[in-house]
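Each chain is listed here by its residues.
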Amino acid sequence: MKKMLAVISVLLAVYISFVTFDCIRLKTAPTGTKPVITVNETEKENRVKYMGLGYSVNYYTDSIPDENGNETKNIYGAEFMLFDRVLIWGWVE
């Protein structure tokens, strides 16, 4: 029983360390950076969502036409969600 509890505790500590590392990395990285392990990627009209292991990163985008008439995507906001329910950090311009 003690060995099983120790294994679960170590796995939990490793997972928390991984999520903390990726949370800090994504907050300080250039806008639009993917998680270290990307499970799923969803792109909708105004949002790009990357799913990690138990967390997600949402980038909010809009299209801006340039001088040639081509549309470029501009990221104006991001949020880091734990289990798609708890907001850890976010920003909007």
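Heads up: the structure comes first, above all this text.
A brief structural summary. (Residues numbered from 1 in each chain as written. Predicted model: local features only at pLDDT ≥ 70, side-chain atom pairs only at ≥ 80, totals over all residues. Heavy atoms only, no water.)

Now for the sheet that holds strand β3 (residues 55-65). If you walk across this open sheet you meet the five strands as β1-β2-β3-β4-β5, and the pairing is antiparallel. Each edge of the open sheet is held by one strand with a lone partner, namely β1 (40-44) and β5 (86-92). Across the sheet, the mean angle separating the axes of adjacent strands is 20° when strand polarity is ignored. When β1 meets strand β2 (residues 47-51), the two strands line up antiparallel, connected through five bridges. Looking at β2, one finds that asparagine 40 is bridged to methionine 51. Most of the contacts of helix α1 (residues 2-28) go to β3, to which it runs at about 15°, and overall it touches β3, β4 (71-82) and β5. (Pairing = 2+ DSSP bridges. Helix = DSSP H or I, 4+ residues; strand = E, 2+ residues; numbered from the N terminus. Axes fitted to C-alpha atoms, helices over the stretch in contact; angles between N-to-C directions. Contact = heavy atoms within 4.5 Å.)

Attention shifts here to the pairing of β3. Of the strand pairs in this sheet, β2 and β3 are connected by five bridges, and their pairing is antiparallel. The residue of β3 that forms the bridge with methionine 51 is serine 56. Between β2 and β3, which pair antiparallel one after the other, the connecting turn spans three residues, and glycine 54 there sits at a positive phi close to 90°. Between the end of β3 and the start of β4, which pair antiparallel, lie five residues, with glycine 69 showing a positive phi angle near 90°.

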